[in-house]
Amino acid sequence: WDSLAYFIANTLLAIICIQALKLIFAVPRPGDETLVPLPLSFSFPSAHSFCSLVIFGLVGLLIFRALYARGISRNVAMAPGVVLVVLALFIGLSRIYVGVHWPSDVLGGWLLAGAWLAFAGALYTAGARQK
């Protein structure tokens, strides 16, 4: 239950944070010629890039901790997380491809997500050590 609460809290806080940052920066979208309908929100930072990396990174961390605790080797336990992070990176690239984000929007989302995961992962690991 602790892991579920950790995941839900991080997901909700990440969504709130990214929407607040979009309103603070208020960067317009690249243009009208897109492969998908142009979203109504601002462009920077990319919410898809940020949220997909945060969510997939958290799931990867939780899978890693569960597998490693059961005696699976570190490299094998890391494999699902690596696959999930690569998938999240492709989601960010797809936002540039369809024309709804500037490359800087996606990079900003990834960098913010990396910082978020580093902090959230450290908190989760510290909490797991105390138990």
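Treat the numbers as computed from the prediction; the structure is a model and nothing was measured. (Residues numbered from 1 in each chain as written. Predicted model: local features only at pLDDT ≥ 70, side-chain atom pairs only at ≥ 80, totals over all residues. Heavy atoms only, no water.)

Asker: Is there a simple way to explain the packing of aromatic side chains in this structure?
Answerer: Centre-to-centre distance and the angle between the planes together describe a pair of aromatic rings. This structure, assessed with the given rule, holds four aromatic pairs. Here the aromatic rings of Phe50 and Trp116 are separated by 5.8 Å at their centres, their planes lie at 90°, and the arrangement is edge-to-face. In this pair, Phe50 is assigned in helix α2 (residues 47–69) and Trp116 in helix α4 (residues 103–130), connecting sequence segments 66 residues apart. Residue Phe50 shares its accessibility class with Trp116, and that shared class is buried. Between Phe64 and Tyr68 the ring centres are 5.4 Å apart and the planes differ by 10°, which places this aromatic pair in the stacked class. In this pair, Phe64 and Tyr68 are both assigned in helix α2, four residues apart and thus about one turn of the helix distant. (Phe/Tyr/Trp six-rings, centres within 6.5 Å; stacked < 30°, edge-to-face > 60°. Helix = DSSP H or I, 4+ residues; strand = E, 2+ residues; numbered from the N terminus. Buried < 20%, exposed > 50% of the residue type's maximum accessible area, 1.4 Å probe, protein only.)

Asker: Explanation requested: a nonpolar patch on the surface in the structure shown.
Answerer: On the surface, Met78, Val82, Val86, Phe90 and Leu93 cluster together to form a nonpolar patch covering roughly 450 Å² of accessible area. Position of Leu93 among the secondary structure elements: in helix α3 (residues 74–97). Its relative accessible area of 44% is what places Leu93 among the partly exposed residues. (Patch = residues over 30% accessible without salt bridge, like charges linked within 9 Å, V, L, I, M, F, W, Y side chains within 5 Å. Areas by Shrake-Rupley, 256 points an atom, 1.4 Å probe, with all protein chains shown as cover. Salt bridge = Lys/Arg side-chain N within 4 Å of Asp/Glu carboxyl O.)

Asker: Help me understand α2 in this model?
Answerer: Residues that lie three or four places apart on an α-helix share one face, since the helix turns once every 3.6 residues. An ideal rise of 1.5 Å per residue puts 33 Å on 23 residues; α2 measures up with 32 Å between its terminal C-alpha atoms. Listed as buried for α2 are Ala47, Ser49, Phe50, Cys51, Ser52, Leu53, Val54, Gly57, Leu58, Gly60, Leu62 and Phe64. (Expected span 1.5 Å × (residues − 1).)

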